[in-house]
Structure formats: C-alpha cells, structure tokens
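In case you want the letters, here they are:
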Amino acid sequence: RFFATQVRHLEGKAAAEYSGSHTSMIRREPIGVCAQIAPWNYPLWMAIWKIGPALAAGNSVVLKPATATPLTTVRLAELARQAGLPEGVLNVVTGRGEVVGAALAAHMDVDLISLTGDSATGQKIQALASANLKRIHLELGGKAPFIVYADADLEAAARGATAGALINGGQDCTAATRAYVERPVYERFLARLVELFEGVRVGDPFAPDTDLGTLISQAQVERVDGFVQRARAAGATILTGGHRPIVPGFEQGAFYAPTI
C-alpha cells in the first residue's frame, strides 16, 4: 500500500534556472532491469519490500527467492499475473544462489542488483556486478547490541531483550544477539533474563501456546549449535539452553533451545 501511494506522490524539484539563458530539468527515469535476491527469514515480506519500490519507479524485476523458501514468491508472481501485471514486468527465477544469483549479478542487461543476505554473499555479488558497473543495493548481516543502563526498568529491559533475541525464531537481521549491561545492574538483569529464557515454551509453531518454533532447517540448527560449542570451547559459560530440545510429536524438528 505504501509503495502504491508513492507512485502518485513522487516529490522533488522539477526545474530550476541557474543562468539567464538555461533551465536545468530533473527528469525521473526508471533504472531498467532490477535483479533482486530475497532472504529466507521473511520470504514474502522481503519479496514485496523489494518488488514494490522497483515497480513503483517504473522498473522491471527479476527476483530470486531463497532456495529454502521459494513457494510464497512463486505464488505472488501467479497473483500478479492474475491481477493483470503485463508479461515480463515481474519475473521469479528459483534456484541456488551460486547459480541463479551469480548469473543475475554478472548479467550485462541487469541495471541494478539488490541482495538481502550475509556479508560473504554480498562481497561476491559486488565483485560480479562490477563488470558493467551496475548499481548495487546490499542489506547484509549485522550483530545488533542490546544496551541496558543502570537506571533502566530492568523488568521491561529483560522482557525486551528476550523478545528482541527470539522473535521469528531469532532469525532476524536486527535480533538482539548480545547485551551490554551497566555493571551495577548486570547480575540482576542477567538473572531475570535467564528466568525469562527458561520460561520460553518451545514447540509446534502452529500451537497458540508456543513461544518459539523451529529454525529454518536442520542445517541451520547445526550452524547455531556450532556457534554455541565454539563459544563453550573458548571458555564461555552456558547459563541456559545450548542444546536441542526433544519436542513430543516433532522429534525430527529443527528446534534449538533459547540460549544464554
């Protein structure tokens, strides 16, 4: 809805006279073909966030959804066709990033490439895109800090840190993955955070009383567990979690316990 209204409200300076005999015009023109690579953590939302502004500005789109989550994007393309979007304006190509993503990044007829993903992939995309100096838009991985000062409402801070760390299964580019706590309240904050983490109900994502569902895949569980085990080997103390819980009825599910 936001981008649909933006089409009708493009703002900006249209013309100006910089000398007595010349008028300078600013003319809005589409970039052209926008190749876009969406992530798996918010597959439909992120596809729309990429497609919306590109179409609103008059461009055509070739979008590659994440390998693990292509179905909602394919369905979105079907709905766009039913809605009357002309052929070739919105295109969805599925496949592995090292094949499809690399081809889009290197293609000489692509004028812009947009990636939401990890930093290593961003480096590869940037290198491939340099061949024809196409425009690049990269939203890459982060390590979001959660900061607690001594005068904070500690209950609100602990609950905020819990939600911030675990929303969407913790699979979020702005997830609160580390906390900096002012020393006078460190012990109290940490104790309450452990209590809240231990109270998180892990289970069936469709059950209304579940707080935390699965990760995206077993491969992601292995990756997360690798972070924990390397931290433990380096001397970290695991205060809660650090293991794969057994969820009745979902013994093969990609679950990982909330971990501090």
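Here the structure is a predicted model, which means the values were calculated and not measured. (Residues numbered from 1 in each chain as written. Predicted model: local features only at pLDDT ≥ 70, side-chain atom pairs only at ≥ 80, totals over all residues. Heavy atoms only, no water.)

Just to check I follow, could you spell out the overall build of the protein chain for this structure?
A count of helices and strands for the protein chain gives eight helices and nine strands. By its C-alpha atoms, the protein chain is 70 × 45 × 35 Å across when sized along the principal axes. For the protein chain, with 260 residues in total, the buried portion stands at 31%. Long-range pairs, those at least 24 residues apart, make up 62% of the contacts in the protein chain with a sequence separation of at least 6. Summed over all atoms, the accessible surface of the protein chain reaches about 16,100 Å², with 57% contributed by carbon and sulfur. (Helix = DSSP H or I, 4+ residues; strand = E, 2+ residues; numbered from the N terminus. Buried < 20%, exposed > 50% of the residue type's maximum accessible area, 1.4 Å probe, protein only. Contact = heavy atoms within 4.5 Å. Areas by Shrake-Rupley, 256 points an atom, 1.4 Å probe, with all protein chains shown as cover.)

What should I look at first to understand the pairing of strand β4 (residues 60-64) in this one?
The side chains of a regular strand alternate between the sheet's two faces. When you tally the buried positions in β4, you get four out of five residues, the bulk of the element. Taken together, the five bridges between strand β3 (residues 33-37) and β4 define a ladder with parallel strand orientation. Its bridge partner being in β4, Val33 is matched across the sheet by Ser60. In this fold, the crossover linking β3 to β4 by way of helix α2 (residues 43-56) has right-handed handedness. With three bridges joining them, β4 and strand β5 (residues 90-92) adopt parallel strand pairing. Its bridge partner lying in β5, Val61 is registered against Leu90. Since β4 and β5 lie parallel, the crossover through helix α3 (residues 71-82) that links them has a hand, and here it is right-handed. (Pairing = 2+ DSSP bridges. Right-handed = clockwise from strand over helix to strand, strands pointing away.)

Any chance you could explain the sheet that holds strand β7 (residues 135-139) here in plain terms?
Hydrogen bonds between backbone groups are what pair the strands of a sheet, and the pairing can be parallel or antiparallel. Pairing within the open sheet is parallel, and its five strands lie in the order β5-β4-β3-β6-β7. Bordering the open sheet on either side are β5 and β7, each of which pairs with just one other strand. Between one strand and the next, the sheet's axes are offset by a mean angle of 15°, whatever the strand orientation. Each of β3, β6 (112-116) and β7 is contacted by helix α5 (residues 119-129), which is oriented at about 175° to β6, the strand it contacts most. (Axes fitted to C-alpha atoms, helices over the stretch in contact; angles between N-to-C directions.)

Mind showing me how you'd approach the side chain of Thr210 here?
Here Thr210 is to be found in the loop between α7 (186-198) and α8 (218-233). There is a polar contact of 2.8 Å between the side chain of Thr210 and the backbone oxygen of Asp204. (Polar contact = N/O pair within 3.5 Å; in protein donor to acceptor, adjacent residues only side chain to side chain.)

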